Each structure stands twice: as C-alpha cells, then as structure tokens.
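Listed below, chain by chain, are the residues.
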Amino acid sequence: MNIILVGLLLMIRPALSMMITHFKCRGGVYPRSSIERFPVPDDKVSWAVDYKEYKPRNHTAQSIHGKPWADPEIGDPEFKPNWNHLDKNVDRQSYTGQYKVVDNYPLNPIGRTGISGRGVLGRWGPNHAADPVVTRWKRLQSGEVEIDKNSNKPILQFVAIKRGDTGEWALPGGMVDPGEKVTTTAVREFREEAINSLVMSQGELKAWEAKFESFFSDGEEVYKGYVDDPRNTDNAWMETAAYNFHDDGGHVVGALNLHAGDDAVGATWVDATPDLKLYASHSSIVKEVLERRLNAFSQV
Ligand code: RP5
C-alpha cells in the first residue's frame, strides 16, 4: 500500500465505535447515596428483553433541585421538554440516535441501569459533556522521544486529572453549558481543571488564550457518544464529544506547568498504555488516541 493511500485511510477512519453495553452504571450503590441499584444481569440490559421482576428504586438527589443547570421535575406544568431536539439552547439530542420516551420519561439508549429518576444528573435524557485529550511524546533529557523497551514504540503521554468526587484519574472534561460549542467546552474545562485558570486575572486569562489559541483550534474528534458513567440512570445519562490536541514537538502545551483546579484534586502527565484504568469510558477514549498517534508516528 503506498503512503498516500495509508494517509487517506487514516483520514477517513471512523470515530471510536459507539458503546453497545454499560457496566459502570450497573450494580452496587448509586454515587453520593446509599441507594442500591436493582441487579441487571448482562442479558437483561436491553429494554427489548423482558425482565418482569425489574423494580428499580426511583432516585433524584435533593441537591440538584432548583439548580440553574438542572431541569424541573417531569410533570411540572411549566416543564415542556422537546425530547430528541435542540430545545431552545438545551441540546436534548443524543449522539446515539433517537431515544424512546415512555410515559414522558426518556429511556437510557443502552438499557437498564438498576435505578430510575435522574440521580445526581441535571438533565433528563442526555447530559452533554466534552473531553480534551491533550497529548505529547515522552522525551529523554536529550530531547529525543523515549521508546518503550517492551513494545519498542514511542511513549505517548496525556494530561489526566484526579476527580474530587471519586478519586479516580480521568480526562479533564466537563459539562457543556447551554448554547456552548462542544470544542469550547473541551478547552475551557482543560484550562479550569488542569491549569486552574479560575484563579487567573482577566489579563492573565486573555494572555493564556492568545498564546494557545492556535494549538487549541486544531483538535481532532476521536469520540462522540454515550459514556458509561457511574451516575447514569434509566432516564438520564452522560454523553461526550472527545477531542485530541496533540503537541508533537512538546514545546507548546507539552511544556506547561499543570495545576489542578475547579473540582479536580490532582493534575499530571500520564503515560498512555492500553491497560490504563480511568473514570467512566475514558480508558477507551485514550486507547483510541494512542492507536491513532502511534499510527501517525510510524508513517513519518
Ligand atoms: C464524564 O463526566 C464525561 O466524559 C466528562 O469527563 C465528565 C463530565 O462530568 P463532570 O466532570 O463535570 O462531573 O461522563
């Protein structure tokens, strides 16, 4: 295969394939509560399969009531959601396609989770997030790219934050504000959680944005879809769009000092390995980026 054909094939490569089942939002106790999820065996996840005994507890956390980013209760006469559409500036469309709405409640497109209501999530139906995967090559003191002795491949590193809620390492992603472009969310969340831009003055923030504007305008979409997030319920779930921002020479963000901010309690460069354990679906997203970057590296 000639090099032009390989390049073309890489360009048309589809984004990481959609999730077909979920694990992290099934079984065990629901986050920030003492509510046990109703058991959902693998073969009973799909709504298409009969599960007569299925009686999940209904749970919507008190803490979200009245929050500006949260929907009212279903049944509230003022609340008339336009499911599966852009509803004013709230995106109620799913990356997975049309979801079902039964008795006015949107149904998780992957299937049962063992809990109904919306738990700690603000929106009924899809809750949209964005995740930045900021990468660089690991380098030796000499400046050369470090090669892994076992795999004989270059070592890719990405920026991870430690989540304050679960203590797990994760991508520094966050929720899309109503009307916000997802790529804007990805960069804003990176600044807030991995650089702690929340403590910057307006002037410092403007200078930072100007310095990195070109780097962050060139993200590659690597995933758009459902997230196996422990907060998901039968009627509310996380979806994300993930973008890779790669610093090939290591001189742009590769040289940045990281400082955890917002709800993150740690921020660091981590070696991307295929067996990494990360929050929600972040390991598969990082694995996808690793494959793409190694492919691109071997072409040069
Ligand atoms: C995950 O939750 C997404 O992939 C994103 O990283 C994150 C957004 O939620 P918060 O970090 O804002 O809680 O499902």
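Residues numbered from 1 in each chain as written. Predicted model: local features only at pLDDT ≥ 70, side-chain atom pairs only at ≥ 80, totals over all residues. Heavy atoms only, no water.

A. Just the overall build of the protein, in detail. Helices and strands together make up the secondary structure of the protein, namely four helices and 13 strands. For 300 residues, the compact-globule estimate of 2.2 N^0.38 gives 19 Å, and the protein sits close to it at 21 Å. Taken along the three principal axes of its C-alpha coordinates, the protein extends 60 × 50 × 35 Å. Taken over 300 residues, the protein has a buried fraction of 48%. The contacts in the protein between residues at least 6 apart in sequence include a share of 70% that link residues at least 24 apart. (Helix = DSSP H or I, 4+ residues; strand = E, 2+ residues; numbered from the N terminus. Rg over C-alpha atoms; globule rule 2.2 N^0.38 Å. Buried < 20%, exposed > 50% of the residue type's maximum accessible area, 1.4 Å probe, protein only. Contact = heavy atoms within 4.5 Å.)

B. Quick peek at the site of the ligand. All residues in the neighbourhood of the ligand are listed as Ala129, Asp131, Arg163, Gly173, Gly174, Met175, Val227, Asp229, Arg231, Met238, Tyr279 and His282. At 2.8 Å, a side-chain N or O of Arg163 approaches an oxygen atom of the ligand. Note that an oxygen atom of the ligand is positioned 2.6 Å from one of the side-chain N or O atoms of Asp229. Relative to its unbound accessible area of 370 Å², the ligand is 92% covered by the protein chains. Contributions of two or more residues to the shell around the ligand are made by β7 (125-137) and β10 (174-175). (Near = heavy atom within 4 Å. Polar contact = N/O pair within 3.5 Å; in protein donor to acceptor, adjacent residues only side chain to side chain. Areas by Shrake-Rupley, 256 points an atom, 1.4 Å probe, with all protein chains shown as cover.)

C. How the structure looks around the packing of aromatic side chains. On inspection of all chains with the given rule, the structure shows 14 aromatic pairs. For the pair Phe38 and Tyr54, a centre-to-centre distance of 5.5 Å together with 90° between the ring planes defines the contact as edge-to-face. With Phe38 in the loop between α1 (3-11) and β1 (57-60) and Tyr54 in the loop between α1 and β1, this pair connects stretches of sequence that are 16 residues apart. By relative accessible area, Tyr54 is classed as buried at 13%. Taking 4.5 Å as the distance between ring centres and 50° as the angle between the ring planes, the aromatic pair formed by Trp208 and Phe212 counts as tilted. With Trp208 and Phe212 both in helix α3 (residues 202-216), this residue pair falls four residues apart, about one helical turn. The exposure class of Phe212 is buried, given its relative accessible area of 4%. Joined through ring pairs, the aromatic side chains of Phe190, Trp208, Phe212, Phe215, Phe216 and Phe245 make up one cluster. (Phe/Tyr/Trp six-rings, centres within 6.5 Å; stacked < 30°, edge-to-face > 60°.)

D. A look at the nonpolar core. By size, the foremost hydrophobic cluster in this structure holds 32 residues, and its most contacted members are Phe158, Ile285 and Val286. Contributions of two or more residues to this core are made by β7, β8 (156-163), β11 (220-226), β12 (236-247) and α4 (282-299). The element that contributes the greatest number of residues to this core is α4, accounting for five residues. Filtering out sequence-adjacent residues up to four positions away, Val286 remains in contact with Phe158, Leu171, Ala272, Leu276 and Leu278. (Core = buried A, V, L, I, M, F, W, Y, C linked by side-chain atoms within 4.5 Å.)

E. How the structure looks around the side chain of Arg136. You can see Arg136 is positioned in strand β7. It turns out Arg136 is buried and unbridged, and the closest side chain with the opposite charge, Asp271, is 7.3 Å from it. Among the polar contacts listed, one links the side chain of Arg136 to the backbone oxygen of Gly254, at a separation of 2.5 Å. When neighbours within four sequence positions are excluded, Arg136 is seen to be in contact with Ile155, Leu156, Gln157, His246, Asp247, Gly254 and Trp269. (Lys, Arg positive; Asp, Glu negative; His and termini not counted. Salt bridge = Lys/Arg side-chain N within 4 Å of Asp/Glu carboxyl O.)

F. Looking closely at helix α2 (residues 182-195). Look at α2: 19 Å from first C-alpha to last across 14 residues, which is about the 20 Å you get at 1.5 Å a residue. Burial analysis of α2 places 11 of its 14 residues in the buried class, which makes it a mostly covered element. Those residues of α2 lying buried are Thr185, Ala186, Val187, Arg188, Glu189, Phe190, Arg191, Glu192, Glu193, Ala194 and Ile195. The inward-facing, buried residues of α2 abut β7, β8, β10, α3, β12 and β13 (264-271). (Expected span 1.5 Å × (residues − 1).)

G. Highlighting unusual backbone geometry. Residues other than glycine seldom take positive phi values, yet Asp103 does so here, at roughly 50°. A positive phi angle is found at Ala280, which is not glycine, with a value near 45°. With respect to the element layout, Ala280 can be found in the loop between β13 and α4.

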